[in-house]
Amino acid sequence: VSAFLQENNGKFELTSESLEDAFQVSVSQGNRPAMLLLTNPNNPTGTCYSRPELELALAFTREKGMFLVSDEIYANSGHTYTHENDQSFISMFDIGLSMSADGKRIG
C-alpha cells in the first residue's frame, strides 16, 4: 500500500494522516502492515525528508509495531541533496540513534 505525500504550499510532505490512511487501507484489505519503506533522497527528484518527517515515520512504525527500512542508496551518489527548505540530507540511522531506536546499516 502506498502512502501518498500531502501537498502543502507546493511542497510534498509526509504526514501522520497519509501514513495512517495507508495503514488503514491495508488493514481493511485484510493485511497487517509489517514495514514502512522510505527512499531518502527520493528518486528521481532528489528531495530529502526533513528531520520532523523522519521522526514522524519512526514514531509511527514504533506505535504500529512495524519495521522501518530507509533506502538511502542515492545519498552517496555525488550529488548534493537537500530538503525543499534547503536542509541537507539526514540519515534515518542518525534519527534512530537520537531516538534510542535499534538499527542496522546494510551495504
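Residues numbered from 1 in each chain as written. Predicted model: local features only at pLDDT ≥ 70, side-chain atom pairs only at ≥ 80, totals over all residues. Heavy atoms only, no water.

The next thing to look at is the overall build of the chain. Assigned secondary structure in the chain consists of three helices and four strands. Starting at the N terminus, the α and β elements of the chain follow one another as β-β-α-β-α-β-α. Across the 107 residues in the chain, those meeting the buried criterion constitute 33%. Within the chain, counting contacts between residues at least 6 apart in sequence, those at least 24 apart form 63% of the total. (Helix = DSSP H or I, 4+ residues; strand = E, 2+ residues; numbered from the N terminus. Buried < 20%, exposed > 50% of the residue type's maximum accessible area, 1.4 Å probe, protein only. Contact = heavy atoms within 4.5 Å.)

Before going further, it helps to spend a moment on the packing of aromatic side chains. Throughout the structure, instances matching the rule amount to one aromatic pair. In this structure, Lys-64 packs its charged tip against the face of Phe-23, placed 4.5 Å from the ring centre. (Phe/Tyr/Trp six-rings, centres within 6.5 Å; stacked < 30°, edge-to-face > 60°. Lys NZ or Arg CZ within 6 Å of the ring centre and 35° of its normal.)

Another point: the side chain of Ser-18. Mapped onto the elements of the fold, Ser-18 is located in helix H1 (residues 16–28). From its side chain, Ser-18 meets the backbone oxygen of Thr-15 in a polar contact 2.9 Å long. Contact partners of Ser-18, with chain neighbours within four places excluded, come to Ala-3, Phe-4 and Gln-6. (Polar contact = N/O pair within 3.5 Å; in protein donor to acceptor, adjacent residues only side chain to side chain.)

A few words now on unusual backbone geometry. Residues Asn-40 and Pro-41 are joined by a peptide bond in cis, for which omega reads 0°. Along the chain, the position of Pro-41 falls in the loop between strand E3 (35–39) and helix H2 (51–64).

We now examine the side chain of Asn-40. In this fold, Asn-40 is placed in the loop between E3 and H2. Of the polar contacts made by the side chain of Asn-40, one reaches the backbone oxygen of Ile-90; its length is 3.2 Å. When residues no more than four places from it in sequence are discounted, the contact partners of Asn-40 are Thr-47, Cys-48, Tyr-49, Leu-54, Ser-70, Asp-71, Glu-72, Phe-89 and Ile-90.

Any segment with low pLDDT has predicted coordinates that should not be analysed in fine detail. When pLDDT is averaged across the chain, the result is 79; 73% of the residues are at 70 or more. Per-element mean pLDDT across the chain ranges from 68 in helix H3 (residues 92–98) up to 94 in H1. (pLDDT = per-residue confidence, 0-100.)

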